[in-house]
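What follows is each chain in one-letter form.
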Amino acid sequence: MQSIRHARSARIDLGAATLLLALAAPAAHALDPAQWQAVAPMLQAAVECRERPDTTSAAWRALPHDEYGQVEPVVPPMPFTVFGLPVREVSVFIDESGEMGESYTAEFAVGAPAVRNAAKLSRRGERATQLGALALSNDRPATLTCTVAGRYDESGYAEP
């Protein structure tokens, strides 16, 4: 029962984070190759839900940020892969307060079935990791999001 509540909470958190990204997503920015080489390993690890990026590093601070301090979507200036698959764009959301958590999303140049297999996701397109939860969209283009939960928790919420 607890795992069902956790899964529901993760889906709600993922949906909220994805919606926030979609509504707030400006046009993607391209970085120069030197900047990209410095930040690409951090973004790859974050999207693969292996490790949080070092947001205090010079490479991270060089990423384009909007007026609210959020990283703007980035188009890799050179080939970039996540789980060995080519990525078109990377989006990041980090709630500095820690309430809403974080999400790291890659838009792929391949279809959802290829992403599901490469990321070793369930039939539903999900997988829990030690860092957070991976979830695949079946949209075109396919996107994969690593969601790291924040302090906000709806697990005890019940409809009136």
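Parameters and conventions
Residues numbered from 1 in each chain as written. Predicted model: local features only at pLDDT ≥ 70, side-chain atom pairs only at ≥ 80, totals over all residues. Heavy atoms only, no water. Helix = DSSP H or I, 4+ residues; strand = E, 2+ residues; numbered from the N terminus. Buried < 20%, exposed > 50% of the residue type's maximum accessible area, 1.4 Å probe, protein only. Areas by Shrake-Rupley, 256 points an atom, 1.4 Å probe, with all protein chains shown as cover. Disulfide = S-S within 2.5 Å. Pairing = 2+ DSSP bridges. pLDDT = per-residue confidence, 0-100. Contact = heavy atoms within 4.5 Å. Phe/Tyr/Trp six-rings, centres within 6.5 Å; stacked < 30°, edge-to-face > 60°.

### Structural notes on the overall build of the protein chain
1) Next: Of regular secondary structure, the protein chain possesses 4 helices and 8 strands.
2) Next: The N-to-C order of helical and strand elements in the protein chain reads α-β-α-α-β-β-β-β-α-β-β-β.
3) Next: Per-residue burial over the protein chain gives 41% buried out of 160 residues.
4) Next: Summed over its atoms, the accessible surface of the protein chain is roughly 9200 Å², and 54% of this surface lies on carbon and sulfur atoms.

### Some details on the state of the cysteines
1) Next: Scanning all chains against the criterion turns up 1 disulfide.
2) Next: One disulfide bridge connects C49 with C146, the sulfur atoms lying 2.0 Å from each other. Of note, the bridge from C49 to C146 carries an S-S torsion of about 65 degrees and is right-handed in sense. Residue C49 is found in the loop between α2 (33-47) and α3 (58-61), and its partner C146 is found in strand β8 (residues 143-148); the two are separated by 97 residues along the sequence. Accessibility classification places C49 together with C146 in one group, the buried group.

### A word on the pairing of β8
1) Next: For β8, the tally of buried residues reaches 6 of 6 residues, placing the bulk of the element in the interior.
2) Next: Where burial is concerned, the two faces of β8 agree: the one with T143, T145 and T147 and the one with L144, C146 and V148 are both buried.
3) Next: The pairing of strand β5 (residues 102-108) with β8 spans 6 bridges and is classified as antiparallel. When the sheet's bridge partners are listed, T105 is paired in β8 with T145.
4) Next: What sits between strand β7 (residues 133-137) and β8 in their antiparallel hairpin is a turn of 5 residues.

### Remarks on the confidence of the model for the protein chain
1) Next: Considering every residue of the protein chain, the mean pLDDT works out to 82; 77% of them sit at 70 or more.
2) Next: Predicted confidence for residues 1-26 stays below pLDDT 50, and this span has 20 contacts to residues more than four positions away or in other chains.

### Examining unusual backbone geometry
1) Next: A cis amide bond links R140 with the next residue in sequence, P141, at an omega value of 0 degrees.
2) Next: Its place among the elements puts P141 in the loop between β7 and β8.
3) Next: A positive phi angle is found at C49, which is not glycine, with a value near 60 degrees.
4) Next: Overall, C49 belongs to the buried group, its relative accessible area being 4%.

### Overview of the packing of aromatic side chains
1) Next: Scanning all chains against the criterion turns up 1 aromatic pair.
2) Next: Ring plane angle 85 degrees and centroid distance 4.9 Å describe the contact between W36 and F80, whose orientation is recorded as edge-to-face. Of this pair, W36 sits in helix α2 while F80 is found in the loop between β2 (74-75) and β3 (81-82), placing the two residues 44 residues apart along the sequence.
3) Next: The exposure class assigned to W36 is buried, which follows from its relative accessible area of 2%.

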